[in-house]
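Here are the chains, one letter per residue:
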Amino acid sequence: MTNTTNEINPSDSKNSPNALHELLFQLADDDFILAYRGSEWLGLAPFIEEDVAFSSISQDTMGHATMFYQLLEGVVAINANDLAHSRPLTERRNAILLEKVNGPGHYLVEPRYDWAFTVVRNYFYVTAKKVKMDALKKGSYKPLAEAAVKVNLELYYHILHWKTWFTQLLKAGGEARTRMIAAIEKVAEDMDGVFNLGLCEKEMVESGFIESEHSLKQQWLRLMNPILDELKVTLPPFAMKSGNGRAGEHTKDLEDALSTLKEVYELDPSAIW
Amino acid sequence: MNEKVSSQQITDDGQYQRFIERIQAGEKIEADDWMPEEYRKTLIKLISMHGISEIMGALPEKEWVPKAPTLRRKLGIMAKVQDEMGHGQLLLRVAEDLMKPYGKNRENIMEDLFSGDLKFHNVFHMEAPTWGDAGLIGWLVDGAAIISQTNMLDASYGPYARALKRICAEEVFHAQHGESIIMALAEGTPEQRAMIQDSINRWWDALLMFFGPSDASTTGTSKQDITIKYGIRTKTNEELRQDFFTKYIPRMLSLGLKLPDDTMYFDTDQQKWIYQQPDWSQFKEIIKNNGPKSKDRLRLRKISYETNEWVRDALSKEIS
Ligand SMILES: [Fe+2]
Ligand SMILES: [Fe+2]
């Protein structure tokens, strides 16, 4: 996976290389860790049919992460695999919401995973991702704008999938609704971390890579409010309760995930696997 | 009254005769066609075991999905395990159609799995402690599956034959995926090479057992005669095992691997491989869910079933 084609166009990025790095790391790390969480669900989803569908979404998401890491290869001259597997906790830029475990237990031992949390996290995230991709498509960094077009094609199906689950489970009432409302509260507590663009936000916006955090969030609300209204759900205020992943703040959940996902890689990082 | 009963009897005999003739003529039997009880029961057992084995078979590889060492391998093994779940889904639907006259459905299949009445394939009770095992499963377990499933591609039961056709096409990709992992290890560092030899040693007996005992004298029962009689399969367990050796032993040797059975050789007079039998009493224990990982994997399935009960409840409410 060595880079050849993703030459940076100097006029696109020379004024704010840090802002571009930061943005690409945020995009790549978000998808990478969420796809990882999705892969832990394999074989454990509520239905065999859902296992197949969810796995397909996780693969797309891992594919998007790969695309963003490959864009970074050109910018920071480090191999995409190394970027994904070897960066320490404090260099990770994903939102903390996405690193949180799927529920109690380990993916191989007593996994009591929370489907409501998974549905809400994925639906809220993928809608935010859509808003971001729409902004990136119009952005000034060509390679990223092109990647956003490709990613967008697959998001249509992801959004439809999670929206269906979100709607059905809330409409079912009873225990399902109670669990979903609790999940919405839990996701809201850290949802601001997803919109957050980190310390370089101003530069990102000034360079025309992406729109501001505020604007992204407003668009998200415009998309989601009618759906939430119809389901009679009051959205709790968004926060960043567990910290700001964009600033390298992370939890034990990510630490554990990193040690699992690099277990084999680390046996010999220079070997060909 | 008496007359009526006897004419019913005659009709049944006629039906049985016609059924056998259809099979012998190579016609496909479909889900709604008349079929003898023994045929239906044999199919239900075979296909639900095959389906549940695909699903339980996803679990040993699933261990390695989050740990795959590169982005490409992560994507590859995710896709592979997804396919296996898809095979399970496809096969369980075929089995569910056959179970309908008994008023049974997927819930019953899951319950039978948990109670131990429904067995899953012996090979999926084994441990997969290294990344080498992740490669070996794709390369040799899927390789063995291709050999045994190809043997049923022309099965007399149409829905099963058609499902197998789709499955076999995907299994070919799985074997390539596994082989690619193994090749990278074989061409890698001494530690990586040692990883494959270690995996082969660990999986050897399970691979020999994959095709089942050569005859009932080994384990007391064998379904192979009934399945051959009804045109579901053609070759015997031993013939399939020999095919496996013929295909894979040369490949193992060309990768510089040492065969775990050093007495093994190809007898040119008899035109067959002579090898040491695995411990078939261990096989009996394994399929009784007393294998090294039987309990852990059943537990995973069961936890998922219990933890998600509220989801199934919610959806059944939503539909009604
Ligand atoms: Fe399969
Ligand atoms: Fe397979």
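Looking at an unreviewed UniProt entry, one finds chain B named 1,2-phenylacetyl-CoA epoxidase, subunit A, with Pseudoneobacillus rhizosphaerae as its source organism.

The name an unreviewed UniProt entry assigns to chain A is 1,2-phenylacetyl-CoA epoxidase, subunit C, from the organism Pseudoneobacillus rhizosphaerae.

Caption draft 1: Molecular detail of the coordination of the iron ion (ligand 1). Residues and elements named next belong to chain B. Taken together, Glu54 (OE), Glu84 (OE), His87 (ND1) and Glu171 (OE) make up the full set of protein donors to the iron ion (ligand 1), lying 2.0 to 2.2 Å away. One can describe the donor arrangement at the iron ion (ligand 1) as irregular, given that its four donor atoms subtend angles of 84 to 147 degrees at the metal. The metal-metal distance between the iron ion (ligand 1) and the iron ion (ligand 2) is 3.3 Å, with Glu84 coordinating both. Of this pair, Glu54 sits in helix 2 (residues 37-62) while His87 sits in helix 3 (residues 71-99); the two residues are 33 residues apart in sequence, bridging distant segments of the chain. Since its relative accessible area comes to 7%, Glu54 is described here as buried.

Caption draft 2: Highlighting the layout of surface pockets. Approximately 310 Å³ is the volume found for the second largest pocket. Lining the second largest pocket are 16 residues, with Asn81(A), Ala271(A), Ile272(A), Trp273(A) and Thr70(B) sitting closest to its centre. Of all the elements in the fold, those that place two or more residues in the lining of the second largest pocket are helix 4 (80-86) of chain A together with helix 3 and helix 6 (158-186) of chain B. Here the residues of the lining of the second largest pocket are counted per class, giving eight nonpolar, five polar and three charged.

Caption draft 3: A look at the environment of Glu61(B). All names here are of chain B. Take Glu61: it is sitting in helix 2. Here Glu61 falls in the buried class, since its relative accessible area comes to 1%. With 74 residues separating them along the chain, Glu61 and Gly135 place their C-alpha atoms 9.1 Å apart. Look past the residues within four positions of Glu61 in its chain and what remains in contact with it is Ile77, Lys80, Val81, Glu84, Ala134, Ile137 and Gly138.

Cut-offs and rules
- Residues numbered from 1 in each chain as written.
- Chains lettered and ligands numbered in written order.
- Predicted model: local features only at pLDDT ≥ 70, side-chain atom pairs only at ≥ 80, totals over all residues.
- Heavy atoms only, no water.
- Donors = N, O, S within 2.8 Å, 3.2 Å for Na, K, Ca; no water.
- Tetrahedral: all angles 85-135°; square planar, octahedral: opposite > 155°, others 65-115°.
- Helix = DSSP H or I, 4+ residues; strand = E, 2+ residues; numbered from the N terminus.
- Buried < 20%, exposed > 50% of the residue type's maximum accessible area, 1.4 Å probe, protein only.
- 1 Å grid on protein atoms, 1.4 Å probe; cavity = no way out; pocket = protein on both sides within 12 Å on 5 of 7 lines; lining within 4 Å.
- Points joined across faces, edges and corners; volume = space filled by probe spheres on them.
- Nonpolar A, V, L, I, M, F, W, Y, C, P; charged D, E, K, R; others polar.
- Contact = heavy atoms within 4.5 Å.

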